[in-house]
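What follows is the residue order along each chain.
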Amino acid sequence: MISLIKLLHEVLIDEGGNVFKNTEYDSQDILLANIEPTVKKFVEDLGKIFPNKKSTFTSLTDKNNWLGSTGSKPKSGDVDIAYSSEYFFKDKQADVDGWGIDQNEYNQLYEKNKKAARSASDEQIQLKSLIQLIVKKVNSTGGDLFTSDKAAGAGSIHYSYPQYTPTGEKLDIRAQLDLDIGDMDWLKFRFNSELPKEDPNIKGLHRGQLMLAMFAALGYTFKSGKGFIRKETGETIADKPQESLEVFNQEYQPKQPLTLEIINNYNKLMDYIKTNLKPEDIEKTLTMFKEAVRRAGAYVPDNI
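About the criteria used
- Residues numbered from 1 in each chain as written.
- Predicted model: local features only at pLDDT ≥ 70, side-chain atom pairs only at ≥ 80, totals over all residues.
- Heavy atoms only, no water.
- Core = buried A, V, L, I, M, F, W, Y, C linked by side-chain atoms within 4.5 Å.
- Buried < 20%, exposed > 50% of the residue type's maximum accessible area, 1.4 Å probe, protein only.
- Helix = DSSP H or I, 4+ residues; strand = E, 2+ residues; numbered from the N terminus.
- Phe/Tyr/Trp six-rings, centres within 6.5 Å; stacked < 30°, edge-to-face > 60°.
- Salt bridge = Lys/Arg side-chain N within 4 Å of Asp/Glu carboxyl O.
- Expected span 1.5 Å × (residues − 1).
- Arc of directions from axis to C-beta.
- Polar contact = N/O pair within 3.5 Å; in protein donor to acceptor, adjacent residues only side chain to side chain.

A. Main features of the nonpolar core. With 40 residues, the main nonpolar core has Phe42, Leu60, Phe88, Trp99, Ile134 and Tyr159 as its most contacted residues. With eight residues, the top contributor of residues to this core is helix 5 (residues 122-140). By size, the runner-up hydrophobic cluster in this structure holds 36 residues, among which are Leu212, Phe248, Leu258 and Ile273.

So, in C-alpha coordinates, the structure goes:
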(Lines give C-alpha, C1' and ligand atoms only; values in the text may rest on other atoms or scores of the structure.)
Protein backbone atom coordinates (compact mmCIF):
# COMPACT_ATOMS: atom_id res chain seq x y z
CA MET A 1 0.00 0.00 0.00
CA ILE A 2 1.29 3.42 -0.94
CA SER A 3 2.14 5.56 2.08
CA LEU A 4 -0.35 8.36 2.76
CA ILE A 5 2.56 10.54 3.84
CA LYS A 6 4.17 10.07 0.42
CA LEU A 7 0.87 10.87 -1.30
CA LEU A 8 0.40 13.93 0.90
CA HIS A 9 3.63 15.47 -0.36
CA GLU A 10 2.19 15.21 -3.87
CA VAL A 11 -0.99 16.97 -2.77
CA LEU A 12 0.63 19.83 -0.92
CA ILE A 13 1.30 22.50 -3.53
CA ASP A 14 2.50 25.92 -2.45
CA GLU A 15 -0.52 28.21 -2.18
CA GLY A 16 1.46 31.35 -1.59
CA GLY A 17 0.66 32.79 1.83
CA ASN A 18 2.61 35.78 3.10
CA VAL A 19 6.17 34.78 2.17
CA PHE A 20 7.48 38.19 3.26
CA LYS A 21 6.16 38.03 6.82
CA ASN A 22 8.44 39.51 9.50
CA THR A 23 10.68 41.22 6.92
CA GLU A 24 10.94 44.84 5.77
CA TYR A 25 8.95 43.77 2.68
CA ASP A 26 6.02 42.41 4.69
CA SER A 27 2.75 42.61 2.77
CA GLN A 28 -0.80 43.47 3.87
CA ASP A 29 -4.25 42.62 2.54
CA ILE A 30 -5.14 44.63 -0.55
CA LEU A 31 -8.59 46.15 -1.13
CA LEU A 32 -10.41 45.17 -4.31
CA ALA A 33 -10.34 48.76 -5.61
CA ASN A 34 -6.56 48.91 -5.26
CA ILE A 35 -5.72 45.71 -7.12
CA GLU A 36 -6.02 47.03 -10.67
CA PRO A 37 -4.01 50.27 -10.15
CA THR A 38 -1.37 48.33 -8.19
CA VAL A 39 -1.00 45.72 -10.93
CA LYS A 40 -0.71 48.45 -13.60
CA LYS A 41 2.12 50.16 -11.71
CA PHE A 42 3.72 46.78 -11.08
CA VAL A 43 3.68 46.05 -14.82
CA GLU A 44 5.28 49.43 -15.57
CA ASP A 45 8.17 48.74 -13.19
CA LEU A 46 8.68 45.20 -14.50
CA GLY A 47 8.89 46.61 -18.02
CA LYS A 48 11.68 48.98 -16.96
CA ILE A 49 13.77 46.11 -15.59
CA PHE A 50 13.02 43.73 -18.47
CA PRO A 51 12.33 45.96 -21.51
CA ASN A 52 12.48 43.07 -23.99
CA LYS A 53 9.59 41.39 -22.17
CA LYS A 54 7.50 44.52 -21.72
CA SER A 55 4.84 43.41 -24.21
CA THR A 56 4.28 40.14 -22.34
CA PHE A 57 3.58 41.89 -19.05
CA THR A 58 0.37 43.44 -20.42
CA SER A 59 -1.21 39.99 -19.94
CA LEU A 60 -0.94 40.56 -16.18
CA THR A 61 -3.48 43.39 -16.33
CA ASP A 62 -6.05 41.14 -18.04
CA LYS A 63 -8.51 40.13 -15.31
CA ASN A 64 -9.15 36.86 -17.14
CA ASN A 65 -5.64 35.87 -16.08
CA TRP A 66 -6.21 36.63 -12.40
CA LEU A 67 -6.44 33.41 -10.44
CA GLY A 68 -8.45 32.14 -7.51
CA SER A 69 -10.47 34.78 -5.67
CA THR A 70 -8.31 37.69 -6.90
CA GLY A 71 -10.61 40.46 -8.09
CA SER A 72 -13.80 38.88 -6.75
CA LYS A 73 -13.59 39.52 -3.00
CA PRO A 74 -13.62 42.83 -1.04
CA LYS A 75 -9.96 42.27 -0.21
CA SER A 76 -7.26 39.70 -0.93
CA GLY A 77 -4.31 38.41 1.05
CA ASP A 78 -2.27 38.27 -2.16
CA VAL A 79 -2.77 38.75 -5.89
CA ASP A 80 -2.40 35.58 -7.97
CA ILE A 81 -1.85 36.02 -11.71
CA ALA A 82 -1.23 33.44 -14.44
CA TYR A 83 1.78 34.06 -16.66
CA SER A 84 2.57 31.81 -19.60
CA SER A 85 5.73 29.69 -19.46
CA GLU A 86 6.10 30.38 -23.19
CA TYR A 87 7.53 33.78 -22.30
CA PHE A 88 10.57 32.12 -20.73
CA PHE A 89 11.63 30.12 -23.76
CA LYS A 90 12.77 30.72 -27.32
CA ASP A 91 13.23 27.81 -29.71
CA LYS A 92 12.76 25.44 -26.73
CA GLN A 93 15.70 26.97 -24.87
CA ALA A 94 15.68 29.39 -21.94
CA ASP A 95 15.38 32.91 -23.35
CA VAL A 96 18.42 34.21 -21.51
CA ASP A 97 18.97 37.19 -23.85
CA GLY A 98 15.31 38.18 -23.79
CA TRP A 99 15.39 38.50 -20.01
CA GLY A 100 18.73 40.29 -20.03
CA ILE A 101 20.51 37.55 -18.07
CA ASP A 102 24.25 36.88 -18.37
CA GLN A 103 24.72 33.69 -20.41
CA ASN A 104 27.74 32.45 -18.46
CA GLU A 105 26.01 32.95 -15.12
CA TYR A 106 22.98 31.08 -16.42
CA ASN A 107 25.10 28.20 -17.73
CA GLN A 108 26.83 27.75 -14.38
CA LEU A 109 23.55 27.80 -12.44
CA TYR A 110 21.88 25.45 -14.92
CA GLU A 111 24.67 22.89 -14.54
CA LYS A 112 24.48 23.17 -10.76
CA ASN A 113 20.70 22.64 -10.76
CA LYS A 114 20.99 19.81 -13.25
CA LYS A 115 23.39 17.89 -11.01
CA ALA A 116 21.12 18.37 -8.01
CA ALA A 117 17.91 17.41 -9.85
CA ARG A 118 16.39 14.00 -9.24
CA SER A 119 13.28 13.79 -11.40
CA ALA A 120 12.89 17.26 -12.93
CA SER A 121 12.76 17.53 -16.72
CA ASP A 122 15.30 19.60 -18.60
CA GLU A 123 12.61 22.21 -19.26
CA GLN A 124 11.94 22.49 -15.52
CA ILE A 125 15.64 22.86 -14.77
CA GLN A 126 15.97 25.60 -17.38
CA LEU A 127 12.93 27.43 -16.02
CA LYS A 128 14.12 27.16 -12.42
CA SER A 129 17.57 28.48 -13.32
CA LEU A 130 16.14 31.39 -15.29
CA ILE A 131 13.67 32.33 -12.56
CA GLN A 132 16.40 32.32 -9.92
CA LEU A 133 18.44 34.80 -11.96
CA ILE A 134 15.36 36.92 -12.68
CA VAL A 135 14.80 37.15 -8.93
CA LYS A 136 18.43 38.14 -8.42
CA LYS A 137 18.22 40.84 -11.12
CA VAL A 138 15.02 42.35 -9.70
CA ASN A 139 16.47 42.58 -6.21
CA SER A 140 19.70 44.13 -7.48
CA THR A 141 17.87 47.14 -8.97
CA GLY A 142 17.09 48.65 -5.58
CA GLY A 143 13.64 49.89 -6.63
CA ASP A 144 10.18 49.27 -5.19
CA LEU A 145 10.07 45.70 -6.45
CA PHE A 146 11.36 42.89 -4.26
CA THR A 147 11.11 39.18 -4.95
CA SER A 148 11.45 35.97 -2.98
CA ASP A 149 13.10 32.84 -4.34
CA LYS A 150 10.54 30.67 -2.53
CA ALA A 151 8.75 28.30 -4.97
CA ALA A 152 11.10 29.20 -7.83
CA GLY A 153 11.54 25.51 -8.52
CA ALA A 154 7.78 25.04 -8.67
CA GLY A 155 7.37 27.79 -11.25
CA SER A 156 6.21 30.78 -9.21
CA ILE A 157 7.63 34.22 -8.51
CA HIS A 158 6.51 36.06 -5.38
CA TYR A 159 6.77 39.85 -5.49
CA SER A 160 6.40 42.42 -2.72
CA TYR A 161 5.25 45.76 -4.14
CA PRO A 162 3.73 49.04 -2.83
CA GLN A 163 -0.05 49.35 -3.05
CA TYR A 164 -1.69 52.09 -5.15
CA THR A 165 -5.17 53.59 -5.03
CA PRO A 166 -7.38 54.28 -8.08
CA THR A 167 -6.30 57.95 -7.89
CA GLY A 168 -2.63 56.94 -8.22
CA GLU A 169 -1.72 57.50 -4.56
CA LYS A 170 1.14 55.33 -3.39
CA LEU A 171 0.34 53.84 0.00
CA ASP A 172 2.81 53.08 2.75
CA ILE A 173 1.90 49.38 2.70
CA ARG A 174 2.84 46.56 0.35
CA ALA A 175 0.95 43.80 -1.43
CA GLN A 176 2.16 40.35 -2.41
CA LEU A 177 1.80 39.65 -6.12
CA ASP A 178 2.35 36.05 -7.18
CA LEU A 179 3.11 35.14 -10.79
CA ASP A 180 2.12 31.51 -11.33
CA ILE A 181 3.96 30.22 -14.38
CA GLY A 182 2.86 27.45 -16.72
CA ASP A 183 0.26 26.51 -19.32
CA MET A 184 -2.55 29.06 -19.00
CA ASP A 185 -5.38 26.51 -19.29
CA TRP A 186 -3.89 24.29 -16.58
CA LEU A 187 -3.19 27.23 -14.28
CA LYS A 188 -6.79 28.41 -14.47
CA PHE A 189 -8.05 24.86 -14.00
CA ARG A 190 -5.84 24.42 -10.94
CA PHE A 191 -6.59 27.69 -9.16
CA ASN A 192 -9.97 29.01 -10.35
CA SER A 193 -13.12 27.69 -8.72
CA GLU A 194 -16.73 28.46 -7.92
CA LEU A 195 -16.89 29.40 -4.25
CA PRO A 196 -19.88 28.15 -2.20
CA LYS A 197 -21.93 31.10 -0.92
CA GLU A 198 -23.26 29.18 2.07
CA ASP A 199 -19.80 28.86 3.65
CA PRO A 200 -17.55 31.94 3.30
CA ASN A 201 -14.70 30.06 4.95
CA ILE A 202 -14.32 27.82 1.89
CA LYS A 203 -11.72 29.24 -0.47
CA GLY A 204 -10.14 28.26 -3.76
CA LEU A 205 -7.44 26.48 -1.76
CA HIS A 206 -10.00 23.98 -0.48
CA ARG A 207 -11.37 23.05 -3.88
CA GLY A 208 -7.84 22.83 -5.30
CA GLN A 209 -6.46 20.62 -2.53
CA LEU A 210 -9.56 18.40 -2.59
CA MET A 211 -9.14 17.87 -6.33
CA LEU A 212 -5.43 17.08 -5.94
CA ALA A 213 -6.12 14.69 -3.07
CA MET A 214 -8.65 12.76 -5.14
CA PHE A 215 -6.36 12.38 -8.13
CA ALA A 216 -3.38 11.49 -5.92
CA ALA A 217 -5.39 8.77 -4.20
CA LEU A 218 -6.30 7.30 -7.57
CA GLY A 219 -2.81 7.18 -9.05
CA TYR A 220 -2.14 10.60 -10.55
CA THR A 221 0.12 13.43 -9.50
CA PHE A 222 -0.16 17.06 -10.57
CA LYS A 223 2.70 19.10 -11.99
CA SER A 224 2.02 22.80 -11.54
CA GLY A 225 1.09 24.41 -14.84
CA LYS A 226 1.60 21.11 -16.67
CA GLY A 227 -1.26 18.82 -15.79
CA PHE A 228 -1.79 15.34 -14.39
CA ILE A 229 0.89 12.68 -14.59
CA ARG A 230 0.30 8.93 -14.22
CA LYS A 231 2.52 8.05 -11.27
CA GLU A 232 3.41 4.53 -12.39
CA THR A 233 4.76 5.59 -15.78
CA GLY A 234 5.43 9.34 -15.48
CA GLU A 235 3.23 9.83 -18.54
CA THR A 236 1.22 13.04 -18.95
CA ILE A 237 -2.33 11.78 -19.31
CA ALA A 238 -3.74 14.70 -21.33
CA ASP A 239 -2.84 18.03 -22.90
CA LYS A 240 -5.86 19.92 -21.57
CA PRO A 241 -8.09 19.76 -18.45
CA GLN A 242 -11.17 18.41 -20.23
CA GLU A 243 -9.12 15.60 -21.74
CA SER A 244 -7.77 14.66 -18.31
CA LEU A 245 -11.31 14.17 -17.02
CA GLU A 246 -12.11 11.96 -20.00
CA VAL A 247 -9.08 9.80 -19.19
CA PHE A 248 -10.15 9.64 -15.54
CA ASN A 249 -13.66 8.52 -16.49
CA GLN A 250 -12.31 5.84 -18.82
CA GLU A 251 -9.79 4.44 -16.34
CA TYR A 252 -11.67 4.68 -13.04
CA GLN A 253 -15.15 4.16 -14.47
CA PRO A 254 -17.05 6.00 -11.72
CA LYS A 255 -20.82 5.65 -11.32
CA GLN A 256 -21.23 9.18 -12.65
CA PRO A 257 -18.80 10.80 -15.14
CA LEU A 258 -16.67 13.58 -13.65
CA THR A 259 -17.21 16.94 -15.40
CA LEU A 260 -15.66 20.40 -15.27
CA GLU A 261 -18.87 21.71 -13.66
CA ILE A 262 -18.46 19.26 -10.80
CA ILE A 263 -14.73 19.60 -10.32
CA ASN A 264 -14.82 23.42 -10.34
CA ASN A 265 -17.13 23.57 -7.31
CA TYR A 266 -16.01 22.46 -3.85
CA ASN A 267 -19.41 21.24 -2.63
CA LYS A 268 -20.22 19.39 -5.85
CA LEU A 269 -16.79 17.74 -5.86
CA MET A 270 -17.11 16.71 -2.22
CA ASP A 271 -20.52 15.15 -2.88
CA TYR A 272 -19.15 13.46 -5.99
CA ILE A 273 -16.25 11.89 -4.09
CA LYS A 274 -18.55 10.52 -1.39
CA THR A 275 -21.00 8.98 -3.86
CA ASN A 276 -18.79 7.83 -6.75
CA LEU A 277 -15.48 6.64 -5.34
CA LYS A 278 -14.77 3.26 -3.78
CA PRO A 279 -14.89 3.29 0.05
CA GLU A 280 -11.12 2.89 0.42
CA ASP A 281 -10.50 5.72 -2.08
CA ILE A 282 -12.94 8.00 -0.28
CA GLU A 283 -11.14 7.47 3.02
CA LYS A 284 -7.72 8.01 1.43
CA THR A 285 -8.84 11.17 -0.37
CA LEU A 286 -10.48 12.80 2.66
CA THR A 287 -7.58 11.91 4.95
CA MET A 288 -5.09 13.57 2.60
CA PHE A 289 -7.34 16.57 2.05
CA LYS A 290 -7.85 17.17 5.77
CA GLU A 291 -4.13 16.98 6.45
CA ALA A 292 -3.33 19.24 3.48
CA VAL A 293 -5.58 22.09 4.63
CA ARG A 294 -4.42 21.64 8.22
CA ARG A 295 -0.78 21.99 7.18
CA ALA A 296 -1.68 25.02 5.11
CA GLY A 297 -3.13 26.62 8.24
CA ALA A 298 -6.53 26.88 6.55
CA TYR A 299 -10.07 26.30 7.75
CA VAL A 300 -10.97 22.60 7.99
CA PRO A 301 -14.51 22.15 6.59
CA ASP A 302 -17.10 20.29 8.68
CA ASN A 303 -18.22 18.10 5.79
CA ILE A 304 -14.98 16.11 5.71
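There is more to say after this.
B. Inspection of the packing of aromatic side chains at higher detail. Going through the model one piece at a time under the given rule, you end up with 22 aromatic pairs. Aromatic pair Phe42 and Tyr161: ring centres 5.7 Å apart, planes at 70°, arrangement edge-to-face. Here Tyr161 lies in strand 7 (residues 156-164) and Phe42 lies in helix 2 (residues 32-49), a separation of 119 residues in the sequence. When sorted by exposure, Phe42 lands in the same class as Tyr161, which is buried. With 6.1 Å between their ring centres and 65° between their planes, Trp186 and Phe222 make a pair best called edge-to-face. With Trp186 in helix 6 (residues 184-191) and Phe222 in strand 9 (residues 220-223), the pair connects residues that are 36 residues apart, well separated along the chain.

C. View of the pattern of salt bridges. With the rule as written, the count across this model stands at 14 salt bridges. Its salt-bridge partner being Asp144, residue Lys170 comes within 2.9 Å of it at the nearest N-O pair. Highlighted residues: Lys170 in strand 8 (residues 170-182) and Asp144 in the loop between helix 5 and strand 6 (146-148), separated in sequence by 26 residues. The partly exposed category is assigned to Lys170, whose relative accessible area is 44%. Among the salt bridges present, the one from Glu251 reaches Arg230, with a minimum N-O distance of 2.2 Å. Of this pair, Glu251 sits in helix 8 (residues 241-252) while Arg230 sits in strand 10 (residues 227-230); the two residues are 21 residues apart in sequence, bridging distant segments of the chain. The buried category is assigned to Arg230, whose relative accessible area is 17%.

D. Molecular detail of helix 4 (residues 103-116). Here helix 4 is 14 residues long and its end C-alpha atoms lie 20 Å apart, about the 20 Å a rise of 1.5 Å per residue gives. Turning to helix 4, its buried residues number three or more, namely Tyr106, Leu109, Tyr110 and Asn113. An end-on view of helix 4 places all buried positions within 105° of arc, on one side of the element. Facing away from the buried surface of helix 4 by more than 90 degrees, the exposed residues are Asn104, Gln108, Lys112 and Lys115. Its side-chain oxygen placed 3.2 Å from the backbone nitrogen of Asn104, Asp102 serves as the N-cap of helix 4.

E. Geometry of the environment of Phe215. For Phe215, the location among the structural elements is in helix 7 (residues 204-217). With a relative accessible area of 0%, Phe215 lands in the buried category. The spacing of Phe215 and Glu169 is 46 residues in sequence and 45 Å in space, taken between C-alpha atoms.

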